[in-house]
Amino acid sequence: MSASLSVLAAALLAASLGSPLRASASASASASAEETVRLQGVLRRAGDRSPLAGVPVLVYPAAEGARVGEVRDPLPATEDPPWLRRGETDENGGFVVDDLPSGLLTIEVLAPDYARGRWIVDGAKASSSRRGLQLFLRRDDAARYRTVVVRRRARQRIAGPAPVERQLSREEIRTLPGSQGDPLRALQSLPGVARAPFGAGLLVLRGANPRQSLVYVGDHPVPFAFHLSGLSSVLPPGAIGELTFAPSNFAPAFGNASGGLISLSPRAGRRDGYHGEAFFDLGGVGGLAEGPVGKGTFLASVRRAHLDLPLRAFGALNPNSPIIYPTYYDYQAFYDRPLGRGRRLHVGFIGAGDSLSFMSSKPPGGDREAYFEPRLSFHRVDMAYRAKLGDTSVLLTPALRLDQNRVLFGESSPQEPPEPRRAIVSTLRAQIDHALTESLTLTLGADAEIGRQTGEVASESSNGPDLYGAAGTSNTTSLSHAYLGLYGEATYRRRGTTIAAGTRFSGFVAERIDAFAVDPRLRLRQEVGERWTLTAAIGTYTQPWIGQVQGFSRLFGVESQSATPVGQLVLPYQIRQNFDPSLYYRELAMRPLRALQASAGGSVRLAESVELEAHGFVRDLADPHRPSSYLTAGELAYGGEFILRKRLTRRIYGWVAYTLMWGLRDLMQSDGSVRYSESPYDQRHNLVAVLSARLPRGWQIGGRFRLSSGLPYTPVVAAMGSASEFYPLYGVPLSDRFPLFHQLDLRVDKRWVLRRTVVSAYLDVLNVYNQQNTEAYFYSVDFRRRVGGLSMPILPLFGVRVEI
């Protein structure tokens, strides 16, 4: 529609100005008698310098008294010129207009979604320039949102016709209030994703433990998606082409997860020249560069945290204050190249590293106490070969990853650090998609993961791991594992009906333990008319679970029956999921978890860009091979999700999302019976409202409001001990809840579009009305009194990005 309007507008403009066919014979003869020149140049979008293709370029005589340069708005009315020449930009934005006089000329450009451009040039000087004219057209303030057109690598959909597969564009990720432009923080504002306490980097999808869901970057999973501090994810928004997630019922092509699946698709670099950006925000400082390399393209990005620098200075000046030092970095480098005949090659390097130091206050004449510093990192190289051969598509992608993690702890300073736990993990995926008929597609594939980890952990006492090393010694441990998956799926599409039926066969081996699983999966989708869509899915999902978990909660004083290193502090159970429990135990084991997932729902398109969705879901997790000391036999989560969404369009986007969920766990009783109690992830109500509007002159303003139930916790019901030392006695596990949480976040963005540069700045204000939400409880020394604390105060965050 916009293309037709542009052609019509150009034709009307040409008619109003006087076309070459209407030019008088005398004017033509006069023009031919003069010396003629040729104008050539390139038309680009102001700011990112993207070439504009298929745009009419009109040239006619300049008005009397005109001066060389760009004519700024408001544009004066154009009188009917004696003649007019017309050209059009090619795919690279280049244009050529011949047979022009050598005097002052007017170049005028009219393109949809852009402000009209007009330039006065000296024909003789412009034609003699070796580079030609470099013209930059500015977007209209009322223009439609548009992501820069870049080539994105082919990506397999993670859910096929699943009931839910939601996406966020780059524009939404970068401007979503309360997310600071981070992709996974933006994801936490969608239905089916629980609110994480303290704004932590936790992804609880439909009541599943964060470690039961997988995050893919490209075609392979990463060991952790958020940095330890939770301030940002490991992939910056500039390197992402698309974010997609399925909270449950994903395709048989993916396994080793019993929760949900998230896919971050890296984007290929641009071929229209060399570009880059530099950014500074709460998440860190870094930069990105991209451009052509031979027949291919590259994209490289690097980022480092900066908060540790002022915090260390603060700690040195205030030795009596406890302090936390978050330090992290991440990097990405991608190379993409077409090989011809429908074939493509991708090579990627990604990595991230973290350390999070906890230091208590420094007593007079002593040193800081309770030192605790987890460190972890990963580095990965992967390659993907894709080919489209008629009705058959082929994917072959190997990857090699090096993981490293360890924990340093000591009462005053790091003791002799144990050897870090290192793991070498190789993954492989091979897949063939073949269209048997116009309606039937068959997918066959295999994936594998082989790894070995070695290192040292603290010795274990009878009460659990000796976190502070006072009585323990380091012990060497190792674990090898191999996972193999074979899958097949047939997808039938005809007249609005989609049926995908498949099965995944999985084998798991870890040391002397092995397991085998068969997971059938079925997904249905039915379009009813032009507005309604109904969906349903059911299937089983098996995940290998490695590591001992019992006792790890002692670190935070949750579900413990004795004193804890943290003392009188009770935190939500979810916080402990930010750390890998296997770091603390020498004895590791693998056991399969198996979940039955089912979901059904529908959506209706209320307007051109407005949709209403409603889905119900259930997830029943069994843990039949749990250790005998475990009291939890399984988990059950069920509920519904609702979202009314205004998709990204001309000026506005937003949604209202509500998740109603019950999370339960099966507790084994002494007589062998099972009793249901609340799960640590039972966030009963979760309401999120988001609205963002684009204003004139590069301004954008938006807000996000969240209202959610408090998380369960284990209360302290009594205490015992002497005047110098008390020990808490805990009540029924997870029998109480933190209070209701609510918070309003506001964000303001401003863009300055220059000829060759775009400068963007934002102010993201969290907790605008300074609500004192209770995220933890502090108990008195004798545990008789408590106060709520660790609430995030009003927090203004500033960020800036410069793109060239």
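Up top you'll find the structure we're talking about.
Here is a short report on the structure shown in this document. All of these numbers come straight from a predicted model, not from anything done at the bench. (Residues numbered from 1 in each chain as written. Predicted model: local features only at pLDDT ≥ 70, side-chain atom pairs only at ≥ 80, totals over all residues. Heavy atoms only, no water.)

### Side note on the pairing of strand E8 (residues 133–137)
Each regular strand shows side chains that alternate between the opposite faces of the sheet. Counted only if it meets this: Exposure categories follow from relative accessible area, calculated using a 1.4 Å probe and restricted to protein chains: below 20% of the type maximum is buried, above 50% is exposed, and the middle band is partly exposed. Numbering goes from the N terminus for both helices and strands, where a helix is a DSSP run of H or I of at least four residues and a strand is a run of E of at least two. At least two DSSP bridges between two strands are required for those strands to pair.
Among the 5 residues of E8, 5 are classified as buried, and the element is accordingly described as predominantly covered. Alternating positions in E8 separate into two faces, Leu133, Leu135 and Leu137 on one and Gln134 and Phe136 on the other, with burial throughout. Taken together, the 5 bridges between strand E1 (residues 36–45) and E8 define a ladder with parallel strand orientation. If you follow Arg45 over to E8, its bridge partner there is Leu137.

### Structural notes on the pairing of strand E15 (residues 284–293)
Along E15, 7 of the 10 residues are buried, which leaves the element largely enclosed by surrounding structure. With 7 bridges joining them, strand E14 (residues 275–281) and E15 adopt antiparallel strand pairing. In the strand pairing of E15, Ala278 is matched with Gly287. Connecting the antiparallel pair E14 and E15 is a turn made up of 2 residues. As paired elements, E15 and strand E16 (residues 296–304) share 9 bridges and run antiparallel to each other. Looking at E16, one finds that Gly287 is bridged to Val302.

### Overview of a nonpolar patch on the surface
As a reminder of what qualifies: Two joining distances apply to patches: 9 Å for like charges and 5 Å for nonpolar side chains (Val, Leu, Ile, Met, Phe, Trp, Tyr), and every residue must have over 30% relative accessible area and no salt bridge. Residue-level accessible areas treat just the shown protein chains as cover; the underlying method is Shrake-Rupley with a 1.4 Å probe. For salt bridges, the criterion is a side-chain nitrogen of Lys or Arg within 4 Å of an Asp or Glu carboxyl oxygen.
Residues Tyr492, Ile499, Leu522, Leu524, Ile538 and Leu596 make up a contiguous nonpolar surface patch of about 460 Å² in total accessible area. Here Leu596 lies in strand E30 (residues 590–607). A relative accessible area of 41% places Leu596 in the partly exposed class.

### Concerning the sheet that holds E1
Rules: Under this scheme, a helix contributes an axis fitted over its contacting stretch, all axes are lines through C-alpha atoms, and angles between N-to-C directions fall in the 0 to 180 degree range.
Strands sit in the order E5-E1-E8 across an open sheet of 3 strands; the sheet is mixed. Strands at the two margins of the open sheet, each flanked by one partner only, are strand E5 (94–101) and E8. For this sheet the average axis-to-axis angle between neighbouring strands, irrespective of direction, equals 35°. Sheet analysis places E1 next to E5, joined by 6 bridges and oriented antiparallel. When the sheet's bridge partners are listed, Thr36 is paired in E5 with Pro101.

### Focus on the side chain of Arg44
How we decide: His is not counted, nor are the chain ends, whereas Lys and Arg count as positive and Asp and Glu as negative. Residue contacts are counted whenever heavy atoms from the two residues lie within 4.5 Å of one another.
Within the secondary structure, Arg44 sits in strand E1. No salt bridge is formed by the buried Arg44. Its closest oppositely charged neighbour is Asp272, at 5.6 Å. In this structure Arg44 touches Arg49, Ser50, Pro51, Leu52, Gln134, Leu135, Phe136, Leu137 and Asp272, once residues within four positions along its chain are discounted.

### Digging into the nonpolar core
Basically, it comes down to this: Residues grouped as a nonpolar core are buried Ala, Val, Leu, Ile, Met, Phe, Trp, Tyr and Cys residues, joined through side-chain atoms within 4.5 Å.
If you look at the biggest cluster of nonpolar residues, it comprises 39 residues, and the most contacted ones within it are Leu184, Leu187, Ile262, Leu264 and Trp655. Listing elements by their share of this core, those giving two or more residues are helix H5 (183–187), strand E10 (214–217), strand E12 (240–246), strand E13 (261–266), strand E18 (343–359), strand E19 (371–389), strand E33 (652–668) and strand E35 (685–694). Setting aside residues no more than four positions away along its own chain, Trp655 makes contact with Leu168, Glu172, Leu176, Ser189, Leu190, Ile643, Leu644, Arg645, Val688, Ala689 and Val690. Judged by nonpolar contacts, the second largest core, of 22 residues, contains Val57, Phe95, Tyr114 and Leu133.

### A short note on the side chain of Thr542
The condition is simple: Here a polar contact is recorded for every N or O atom pair within 3.5 Å, except that within protein the pair must consist of a potential hydrogen donor and a potential acceptor, and residues adjacent in sequence are included only if both atoms are side-chain atoms.
Along the chain, the position of Thr542 falls in strand E28 (residues 532–546). When its relative accessible area of 4% is taken as the criterion, Thr542 is described as buried. A distance of 3.0 Å separates the side chain of Thr542 from the side chain of Asp519, its partner in a polar contact. One polar contact links Thr542 to Arg594, side chain to side chain, over a distance of 3.2 Å. Excluding residues that lie within four positions of it along the chain, Thr542 makes contacts with Asn256, Ala257, Phe508, Ala517, Asp519, Pro592, Leu593 and Arg594.

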